[in-house]
Amino acid sequence: MPKKPKLVNKKGIRTDGRKLDEIRPLKLEVGVVHNADGSAYIEQGKNKILAALYGPREVHPRHLALPDRGILRCRYHMAPFSVDERKSPAPSRREVEISKVIREALEPAIFLERFPRTSIDLFIEVLQADGGTRCASITVASLALADAGIPMKDLVVACAAGKADEHLVLDLNDIEDKEGKADVPVAYLPNFDAVALLQMDGQLTIDEFKETIDLALNGCRQIYAVQKESLKAKYLAAKEETEEVEEE
Amino acid sequence: MTSGIISSIRRKQIAQLIASGKRVDGRGPTDYRPIQIETGIIEKAEGSARVRLGKTEVLVGVKIGLGAPFSDRPNDGVLTVNAEFVPLASPEFEAGPPKEEAVELARVVDRGIRESKAIDLEALCIVPGKKVFVVFVDVYILNHDGNLIDASALSALGALVSAKVFKYELKEGEVEMKPGFTELPLKNLPVAVTFADIGGRLVVDPWIDEEKVMDSRLTMSFGKEGKICAIQKGGTGTLTPQQIVEAANMAREKAEELRKFVEKS
């Protein structure tokens with residue numbers, strides 16, 4: 001058995017050079033898939049994830065349609081080349097569960113009652129996975145929803161916190177996720193102080209758990225700021241373009 | 001599990017009662033329904049248990065066989081948990097491959113067992129990288145009256161506690177069975193405690209009508225030393241950070257109560 005790698009050094013620096021409460025470099029882009037009604041792309045550390053949605057549109061099969069509200073359908077899927085050992089493209093049980101929890105994290109933010117008898121079909125493709133893909137997927141998916149002009153109460157943002165060696169850390173990367181002692185993904189609606197997704201695996205005392213939640217919510221607030229900026233950036237770019245055209 | 005139709009008058013009644021600290025079936029917010037557990041009821045399975053949680057009934061069978069370990073865990077036995085929502089258990093269940101809810105149930109039960117390190121997987125290694133014991137935990141829902149997660153986790157634990165592993169001898173790298181059994185090596189006893197959030201109030205062990213009304217669901221699994229080992233939020237509502245902390249404190253107490261049923265069995 002190879003020796004367990006050390007995840008945090010004596011100075012409190014992690015394997016990728018981050019401090020304990022630091023999130024990974026984040027890049028967000030809105031409106032990246034031409035055909036889709038809304039789309040967005042995220043890079044968070046080595047995670048590279050694309051989200052696109054179609055709808056509100058007619059529901060197929062029809063019997064799934066609801067008379068008083070729209071339905072949200074969500075597919076989280078990992079590309080075969082996104083991980084070290086090729087992943088079969090058939091949906092695994094893990095992907096089925098993650099699709100469900102992502103849907104349940106996004107639904108509270110969306111005014112689905114405005115779109116009876118329709119569906120919003122959201123597709124998330126993980127092109128490269130580096131730990132914390134469900135959180136990054138939620139962050140990018142809510143941008144895709146906003147890009148499509150779906151009315152929402154708030155952007156949903158997600159970030160994990162957990163325990164690596166004996167330290168509580170924010171935004172776990174792949175090795176911290178696999179070799180660490182606990183992982184707590186949290187999705188959050190900052191304007192409502194509402195938690196929309198909460199999961200945990202590993203082992204934590206109740207006190208550690210409370211601290212971990214606070215840490216994760218802190219991470220969510222940091223990502224939220226970037227999320228809002230990226231949405232604005234799309235419209236700023238469009239505005240500049242029209243201004244240029246007008247000048248000509 | 002939140003699908004299914006419930007009349008709006010019933011919905012209102014349940015929510016109003018809970019708002020005043022009561023419940024339609026007479027329980028308090030932190031009361032479980034009566035729990036019964038029987039173990040060793042399927043002779044052909046290496047371990048088995050049936051849990052009755054009110055009218056919810058879950059049967060778990062544990063089969064133990066030989067197999068290869070995962071390449072990234074060459075020294076560990078293998079645990080797999082599967083759940084079947086058999087159609088006889090509810091008018092809302094259909095035959096066919098496991099749906100989203102069954103997959104989630106199995107994975108939440110699995111996470112509780114795995115993350116608490118309940119089974120000593122290293123002790124189930126026979127030839128590192130080649131041959132290990134594989135523990136199959138199959139959750140069979142027999143009657144669905146709400147809170148399948150807690151009933152299934154408890155039943156799975158009962159089945160694991162009662163499980164036996166056959167004795168063996170290694171002859172030139174081949175496993176030969178010997179007469180007699182040893183107990184399945186267990187290091188922890190994880191139990192799951194589930195809450196429903198109905199109108200901002202948490203109630204423990206929701207039965208089916210409460211599940212149809214609930215905004216969200218929160219499950220927390222605890223190991224023996226009072227450590228949290230798994231959490232799963234479900235449903236399309238949200239929770240406040242205060243509610244989550246409140247739930248964690250309550251769940252730790254309730255977990256101790258539940259564990260006693262397995263220790264007695």
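Being a predicted model, the structure only gives us computed values, none of them experimental. (Residues numbered from 1 in each chain as written. Chains lettered and ligands numbered in written order. Predicted model: local features only at pLDDT ≥ 70, side-chain atom pairs only at ≥ 80, totals over all residues.)

## Description of the overall build of chain B
And then number 1: For chain B, the helix and strand inventory stands at 5 helices and 12 strands.
And then number 2: Relative to its length of 265 residues, chain B is compact, with a C-alpha radius of gyration of 19 Å against a globular reference of 18 Å.
And then number 3: In terms of overall dimensions, chain B has a C-alpha envelope of 70 × 35 × 35 Å along the principal axes.
And then number 4: Taking all 265 residues of chain B together, the buried fraction comes to 47%.
And then number 5: When contacts within chain B are restricted to residue pairs at least 6 apart in sequence, long-range pairs at least 24 apart make up 70% of them. (Helix = DSSP H or I, 4+ residues; strand = E, 2+ residues; numbered from the N terminus. Rg over C-alpha atoms; globule rule 2.2 N^0.38 Å. Buried ≥ 20, exposed ≤ 12 C-beta atoms within 10 Å, placed from the backbone. Contact = placed C-beta atoms within 7 Å.)

## Some thoughts on the overall build of chain A
And then number 1: Looking only at helices and strands, chain A has 4 helices and 9 strands in total.
And then number 2: If you list the helices and strands of chain A from N to C, you get β-β-β-β-α-β-α-β-β-α-β-β-α.
And then number 3: The C-alpha radius of gyration of chain A comes to 19 Å, within 12% of the 18 Å expected for a compact globule of 248 residues.
And then number 4: Oriented by its inertia axes, the alpha-carbon framework of chain A measures out at about 55 × 50 × 40 Å.

## A few points about the sheet that holds strand β1 (residues 26-30) of chain A
Residue and element names in this part refer to chain A.
And then number 1: Spatial strand order, β1-β2-β3-β5-β4: 5 strands in an open sheet with mixed pairing. Single-partner strands in this sheet number two, and they are β1 and β4 (71-78). Taken over all neighbouring pairs, the strand axes of this sheet differ in orientation by 15° on average, direction set aside.
And then number 2: Helix-sheet contacts for helix α2 (residues 133-147) involve β1, β2 (38-44), β3 (47-58), β4 and β5 (118-128), and the interaxial angle to β2 is about 150°. (Pairing = 2+ DSSP bridges. Axes fitted to C-alpha atoms, helices over the stretch in contact; angles between N-to-C directions.)

## Thoughts on the pairing of strand β11 (residues 216-222) of chain B
All names here are of chain B.
And then number 1: Burial of β11 is extensive: 7 of the 7 residues sit out of reach of the surface.
And then number 2: What you see with β11 is no split at all: Ser216, Leu218, Met220 and Phe222 on one side and Arg217, Thr219 and Ser221 on the other are buried throughout.
And then number 3: Here strand β9 (residues 191-198) pairs with β11 via 7 bridges, running antiparallel. Across the sheet, residue Ala196 finds its bridge partner in β11, namely Arg217.
And then number 4: With 6 bridges connecting them, β11 and strand β12 (residues 228-234) associate as antiparallel partners. Along β12, the bridge assignment pairs Ser221 with Ala230.
And then number 5: Hairpin connection between β11 and β12: a loop of 5 residues separates the two successive antiparallel strands, and Gly226 in this loop has a positive phi of roughly 75°.

## Some details on the interface of chain B and chain A
And then number 1: Contact residues are listed per partner, giving 28 residues for chain B and 28 residues for chain A.
And then number 2: For the side of chain B that touches chain A, the secondary-structure elements that each account for two or more residues are α2 (100-115), β12 and α5 (241-264) of chain B.
And then number 3: Split by residue class, the side of chain B that touches chain A holds 10 nonpolar, 10 polar and 8 charged.
And then number 4: Here strand β9 (residues 194-204) of chain A pairs with β12(B) via 4 bridges, running antiparallel. In the sheet register, Gln199(A) faces β12(B), and the bridge partner there is Gln232(B). (Nonpolar A, V, L, I, M, F, W, Y, C, P; charged D, E, K, R; others polar.)

## Description of the nonpolar core
And then number 1: Core analysis: the largest hydrophobic core is formed by 146 residues, its most contacted members being Ala144(A), Val156(A), Ala158(A), Val186(A) and Val139(B).
And then number 2: Examining the composition of this core, we find that 10 residues originate from one element, helix α3 (residues 148-161) of chain B, more than from any other.
And then number 3: Those residues within four positions of Val186(A) in sequence are excluded, and the remaining contacts are Ala158(A), Cys159(A), Ala160(A), Val195(A), Leu197(A), Leu198(A), Ile213(A), Ala216(A), Leu217(A) and Cys220(A). (Core = buried A, V, L, I, M, F, W, Y, C linked by C-beta atoms within 7 Å.)

## Describing the confidence of the model for chain B
And then number 1: In the predicted model, chain B carries a mean pLDDT of 95, and 98% of its residues have values of at least 70.
And then number 2: Confidence metrics for the complex model read pTM 0.93 and ipTM 0.90. (pLDDT = per-residue confidence, 0-100.)

## A look at the environment of Gly149(A)
Residues and elements named next belong to chain A.
And then number 1: With respect to the secondary-structure elements, Gly149 resides in the loop between α2 and β6 (157-164).
And then number 2: Since 9 C-beta atoms lie within 10 Å of it, Gly149 is described here as exposed.
And then number 3: With 112 residues separating them along the chain, Gly149 and Asp37 place their C-alpha atoms 8.5 Å apart.

## Notes on helix α4 (residues 206-247) of chain A
And then number 1: For α4(A), spanning 42 residues, the distance from its first C-alpha to its last is 62 Å, which sits close to the expected 62 Å at 1.5 Å a residue.
And then number 2: Of all the residues in α4(A), the buried ones are Phe209(A), Thr212(A), Ile213(A), Leu215(A), Ala216(A), Gly219(A), Cys220(A), Ile223(A), Tyr224(A), Gln227(A) and Ser230(A). (Expected span 1.5 Å × (residues − 1).)

## Some details on the packing of α2(B) against α3(B)
Residue and element names in this part refer to chain B.
And then number 1: Contact geometry of α2 with α3 gives a least axis separation of 10 Å together with a crossing angle of 45°. Here α2 is positioned oblique relative to α3, judged by the angle of their axes. As α2 runs across α3, the sense of the crossing is right-handed. Contacts between α2 and α3 involve Leu105, Val108, Val109, Gly112 and Ile113 from the first element and Leu148, Ile149, Ser152, Ala153 and Ala156 from the second. (Parallel < 35°, antiparallel > 145°, perpendicular 65-115°, else oblique. Left-handed = near helix turned anticlockwise from the far one by under 90°.)

## Let's talk about unusual backbone geometry
Residue and element names in this part refer to chain A.
And then number 1: Omega for the bond connecting Gly55 with Pro56 falls within 30 degrees of zero, at 0°, which places this linkage in the cis form.
And then number 2: Checked against the element boundaries, Pro56 lands in strand β3.
And then number 3: Look at the link from His60 to Pro61: it is a cis peptide, with omega at -5°.
And then number 4: Residue placement: Pro61 occurs in the loop between β3 and β4.
And then number 5: Located in the positive-phi region is Asp165, a residue other than glycine, with phi close to 50°.
And then number 6: Among the structural elements, Asp165 can be located in the loop between β6 and β7 (167-170).
And then number 7: On the basis of neighbour counts, which here come to 16 C-beta atoms within 10 Å, the residue Asp165 falls in the partly exposed class.

## Let's talk about the packing of α2(A) against α4(A)
A packed helix pair is summarised by two numbers, namely the angle formed by the two axes and the spacing between the axes.
Residue and element names in this part refer to chain A.
And then number 1: Relative orientation of the contacting elements α2 and α4 amounts to 30°, with a least axis distance of 11 Å. Between α2 and α4, the angle is such that the two are roughly parallel. Judged by the twist between their axes, the crossing of α2 over α4 is right-handed. Between α2, through Thr139, Leu143 and Ala146, and α4, the contact on the second element is made entirely by Ile223, Gln227, Ser230 and Leu231.
And then number 2: For the contact of α2 with α4, the per-class residue count stands at 4 nonpolar, 3 polar and no charged.

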